[in-house]
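Architecture at a glance
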Amino acid sequence: MASAVMSRLSALFLQLLPLAATAAVCMAVAGLPALAAYGISPLTVAIVAGMVLGNTVFPRFAPHLADGLAFSKTRLLRLGIVLYGLKITLPQLAAAGWPALAADIGIVAGTFLLAVWLGKRLRLPPQTAALIGTGSAICGAAAVLAAQPVLKAEERDVGVAVATVVVFGTLAMFVYPMLAAWLVPPEAADAVWFGWGLYTGASVHEVAQVAAAGAAIHPLAADVAVITKMIRVMLLAPFLLALPWLMRRLHPQDGGIGSSRLTIPWFALGFVAVVVLNSLISLPESWHQALIRFDTFLLTTAMFALGLTTRWHSVRQAGIRPLLLAGCLAAWLLLGGALLSYAAYSLLG
């Protein structure tokens, strides 16, 4: 028995090695100045690299790495989501205060509900619409991957959702600084830049994209944008806890999506626990940064594994409708996000 377990663990380790090595390369590539300046995250590099390889040379090797791919997309992913809490502290959340929390709650709820409503009208599978809505509402590709086990979605749906979210999240990263340069004079008061940072953090897709967009706008806007985004990321845990109930209410004709029993994504609770611990326990900075980098490595490995198992024909079969849904949500984030952020800052700022 023991020898059989050791044999399986050894085989799994050998299968994980090429995935981990490629994830490390993706992180190095994303760190190059030419990409880092535009906020291209390792996760984006990994999904693109994985999809390219997965649709060219990788299929002949796929049977030899099946266990490693499955482990990366489940266990490593969930550990990565838990450790993502190391990027957030409770004092950071308090710094932006109630306006950021109110704007984020409005964005998350409005975006997801709009995604489900539009998905029905576009006749998209419920899981596809829910995954695109989750990625657009919270934190891009990482949120899509976190929602997959809760929704019991197929890998095809995940690949389609990640592809659409990456496209429009990358576009938003350039649009917001252009809008700021056009609408806000450089000598504007700090309150204006605070409000613009609130808007950017509440409506741009991924953390790296928010950081890049905020930095291109104004230093104060950059700080507020990242904190607001971190609050939005923290909403991932309660959102995942509520997701099965939401899907049962929004899709009663399908008997809900997944089991009728309450599904508790324990990794979401782990995420909240890490945020609290990160706020209470002060690790040496070198340790903290090493853990954050390790977390990025785990998520990059999971994203690369997802890309390897995403086939172009699956995306093509999904058609233009997922892209249209993601585009509508991006427009909502741009316009509706501005209105919600303005209202939150006006009432609570």
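Keep in mind that what you see is a predicted model, and the values were worked out from it rather than measured.

Describing the confidence of the model for the protein
- Summarising the model, the protein shows a mean pLDDT of 84, and 92% of its residues fall at 70 or more.
- Element-level mean pLDDT values for the protein span from 67 in helix 15 (residues 312-318) up to 93 in helix 6 (residues 126-137).

Thoughts on the packing of aromatic side chains
- Going through the model one piece at a time under the given rule, you end up with five aromatic pairs.
- Taken together, a centroid distance of 5.0 Å and an interplanar angle of 80° make the contact between Phe 112 and Phe 239 edge-to-face. Highlighted residues: Phe 112 in helix 5 (residues 90-121) and Phe 239 in helix 12 (residues 236-250), separated in sequence by 127 residues.
- Both rings, one in Phe 194 and one in Tyr 345, keep their centres 5.3 Å apart while their planes meet at 25°; by these two values the pair is stacked. With a gap of 151 residues between them, Phe 194 in helix 9 (residues 190-203) and Tyr 345 in helix 16 (residues 321-348) connect regions that are remote in the sequence.
- Taken together, the aromatic side chains of Tyr 176, Trp 196 and Tyr 199 make up a single cluster linked through ring pairs.

Quick word on the environment of Ile 107
- Along the polypeptide, Ile 107 turns up in helix 5.
- Residue classification places Ile 107 among the buried positions, given a relative accessible area of 0%.
- Taking the C-alpha atoms as reference, Ile 107 lies 18 Å from Val 175; in sequence the two are 68 residues apart.
- Ignoring any residue separated from it by four or fewer positions in sequence, one finds Ile 107 in contact with Ala 137, Ala 202, Arg 232, Trp 332, Leu 333, Gly 337 and Leu 340.

A few points about a nonpolar patch on the surface
- The grouping of Leu 90, Val 276, Leu 277, Leu 280, Ile 281, Leu 283, Trp 287 and Leu 291 at the surface amounts to a nonpolar patch, some 730 Å² of accessible area in total.
- Secondary-structure elements contributing two or more residues to the nonpolar patch are helix 13 (266-280) and helix 14 (285-308).
- No other element matches the three residues that helix 13 contributes to the nonpolar patch.
- Checked against the element boundaries, Leu 291 lands in helix 14.
- We classify Leu 291 as partly exposed; its relative accessible area is 31%.

Digging into the nonpolar core
- Of all hydrophobic cores here, the largest spans 92 residues; its most connected members are Val 162, Leu 240, Leu 243 and Met 303.
- If we ignore the near neighbours within four places in the chain, the residues touching Leu 243 are Phe 112, Ala 147, Val 150 and Leu 151.
- Among the nonpolar cores identified, the runner-up in size contains 19 residues, and Ala 172, Ala 180, Val 184 and Leu 333 belong to it.

A closer look at the side chain of Thr 164
- Take Thr 164: it is sitting in helix 8 (residues 155-183).
- With a relative accessible area of 5%, Thr 164 lands in the buried category.
- In this view, Thr 164 contacts Ile 132, Pro 322, Leu 323 and Ala 326; residues no more than four positions away in its chain are not counted.

Cut-offs applied
- Residue numbering note: each chain is counted from 1, following its sequence as written.
- Under the rules for a predicted model, residues below a pLDDT of 70 receive no local features and side-chain atom pairs below 80 are neither given nor counted, while totals for whole chains, interfaces and linings still include all residues.
- The basis for every side-chain value is the complete set of heavy atoms in the structure, and neither hydrogens nor water enter the calculation.
- Residue-level confidence of the predictor is summarised by pLDDT, bounded by 0 at the bottom and 100 at the top.
- For the purposes of this entry, the term helix denotes a DSSP run of H or I that reaches at least four residues, the term strand denotes a run of E that reaches at least two, and both are numbered from the N terminus.
- Whether two aromatic rings pair depends on their centres lying within 6.5 Å, for rings of Phe, Tyr and Trp, where Trp uses its six-membered ring; planes under 30 degrees apart make the pair stacked, over 60 edge-to-face, and the rest tilted.
- Partly exposed residues are those whose accessible area sits between 20% and 50% of the maximum for their type, while under 20% is buried and over 50% is exposed, using a 1.4 Å probe and protein chains only.
- Whether two residues touch is decided by their heavy atoms; if any such pair falls within 4.5 Å, the residues are in contact.
- Note that patches include only residues with greater than 30% relative accessible area and no salt bridge, and the join distances are 9 Å for like charges and 5 Å for nonpolar side chains (Val, Leu, Ile, Met, Phe, Trp, Tyr).
- Computed with a 1.4 Å probe, the accessible areas rest on the Shrake-Rupley method; for each residue, only the protein chains presented here act as cover.
- The salt bridge criterion pairs a side-chain nitrogen of Lys or Arg with a carboxyl oxygen of Asp or Glu, the two atoms within 4 Å.
- As used in this record, nonpolar core signifies buried Ala, Val, Leu, Ile, Met, Phe, Trp, Tyr and Cys residues forming a set joined through side-chain atoms within 4.5 Å.

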